[in-house]
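Descriptive structure summary
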Amino acid sequence: MFPAISIVIPAFNEGARLGETIRAICVYLAEHAAGSEIIVVSDGSRDQTAAVAREVFGECGGTPARLIEHYPNRGKGAAVRAGLLAAANEIALFTDADLSTPIEELPKIVAPVARGDADLVFGSRALDRSLIGVHQPWRREQGGRVFNLLVRAATGLPFWDTQCGFKSFRMAACRPIIEAAKIDGFGFDVELLLLAHRAGVRLREVAVRWNHFDGSKLDFFQESFRMLRELIQIRQQVNAGSYDGALGLSLQAKTSRS
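Below is a short write-up of the structure. (Residues numbered from 1 in each chain as written. Predicted model: local features only at pLDDT ≥ 70, side-chain atom pairs only at ≥ 80, totals over all residues. Heavy atoms only, no water.)

Observations concerning the packing of aromatic side chains
Formally: Note on aromatic pairs: the rings of Phe, Tyr and Trp (six-membered ring only in Trp) are paired at centre separations within 6.5 Å, and the planes decide the class, stacked below 30 degrees, edge-to-face beyond 60, tilted for the rest. Counting from the N terminus, the helices are DSSP H or I runs at least four residues long and the strands are E runs at least two residues long. For each residue, the accessible area found with a 1.4 Å probe, counting protein chains only, is set against the maximum for its type, and the residue is called buried under 20%, exposed over 50%, and partly exposed in between. Each ring is checked for a lysine NZ or an arginine CZ that lies within 6 Å of its centre and within 35 degrees of its normal; such an atom marks a charge sitting over the ring.
This model, assessed by the stated rule, comprises three aromatic pairs. Seen in terms of ring centroids, F94 and F169 are 6.2 Å apart; in terms of plane orientation they differ by 25°. Their pairing is stacked. Within this pair, whereas F94 is found in strand β4 (residues 91-95), its partner F169 is found in strand β6 (residues 166-170), the two being separated by 75 residues in sequence. Ring geometry for F94 against F188: centres 5.7 Å apart, planes inclined by 50°, an arrangement best described as tilted. Of the two residues, F94 sits in strand β4 while F188 sits in helix α7 (residues 188-198), which places them 94 residues apart along the sequence. F188 carries the same exposure label as F94, and that label is buried. Through pairs of rings, three or more aromatic residues link up here, namely F94, F169 and F188. Cation over ring: R125 sits above W210, and NZ or CZ is 5.0 Å from the ring centre. When the ring centre of W160 is taken as reference, the NZ or CZ atom of R152 above it lies at 3.6 Å.

Considering unusual backbone geometry
Looking along the chain, the bond that leaves Y71 and enters P72 is cis, with omega of -5°. Mapped onto the elements of the fold, P72 is located in the loop between β3 (65-70) and α3 (76-85). Even without being a glycine, N13 presents a positive backbone phi close to 50°. With respect to the helices, strands and loops of the structure, N13 is situated in the loop between β1 (5-11) and α1 (18-32). One non-glycine residue, L99, lies in positive phi territory at about 50°. Structurally, L99 is set in the loop between β4 and α4 (106-114).

Here's the deal with a nonpolar patch on the surface
Applied cut-off: Like charges are joined within 9 Å and nonpolar side chains (Val, Leu, Ile, Met, Phe, Trp, Tyr) within 5 Å, but only among residues with over 30% relative accessible area and no salt bridge; these make up the patches. Accessible surface is estimated by sampling points in the Shrake-Rupley manner with a 1.4 Å probe; for residues, cover comes only from the protein chains shown. A pair is scored as a salt bridge if a Lys or Arg side-chain nitrogen falls within 4 Å of a carboxyl oxygen belonging to Asp or Glu.
A cluster of nonpolar residues, V146, L150, F225 and L228, forms a patch on the protein surface that exposes about 350 Å² of accessible area. Looking at the nonpolar patch, the elements with two or more residues in it are α5 (138-155) and α8 (220-239). The topology assignment puts V146 in helix α5. Exposure remark for V146: the relative accessible area of 47% places this residue in the partly exposed category.

Overview of the pattern of salt bridges
The full count for this structure, using the stated rule, is 15 salt bridges. E69 is the salt-bridge partner of R54, the closest N and O atoms lying 2.5 Å from each other. Pair noted here: R54 is in helix α2 (residues 49-57) and E69 is in strand β3, with a separation of 15 residues, a long-range link. Under the relative-accessibility criterion, E69 is labelled partly exposed at 29%.

So, in structure tokens, the structure goes:
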């Protein structure tokens, strides 16, 4: 059993598969983390995402569930931030709407935070690629590897997979950096990890099972160029000292925990 946690699901036009995801998470939480909550953030969805969420929430029994709606679409980073900052519990995590990382992998990223061993734990496809069941198309998978090499070169982060959508947070330590984050697109993962790393927050990368599911709503090349622009923007913000206040607040939170 785990303490009560908050699970955030960012969703953009996910009406076709969101219901199954919410049901799976509700069943898991009822068995392993009583008192937890689910927060769905519909990010400018034009399909039935919000309606499906409201309908399936009624099937979750005693698991509290909330819907946050963004209009217009703001980006995955903005959706994740909104959900995390609305979390009522001390431990919060976000997961992709397709459950590409099965919810049964949750102990790997929650247990270290619950034990007090880490403040931010994130799933990785790169540490043990034998855990990948269904791979992405070759071009996308290779592009992801190149992007992570660029991230390491540009930021100095010592991690091999910043983009896996399965991350947990001890909110007392991480809330200041989540509040200060500026990237609304898919580069938000890099920004959060870089801020946490610079603030001395205890980070841990763990290998998780992962499967690719068809249904991407983004053009590969447009997505790649946008992420590169966001990576440059993050580097510029760091050099300009734009995050310094948040880093100081996070260090205070770390000190108060010790």
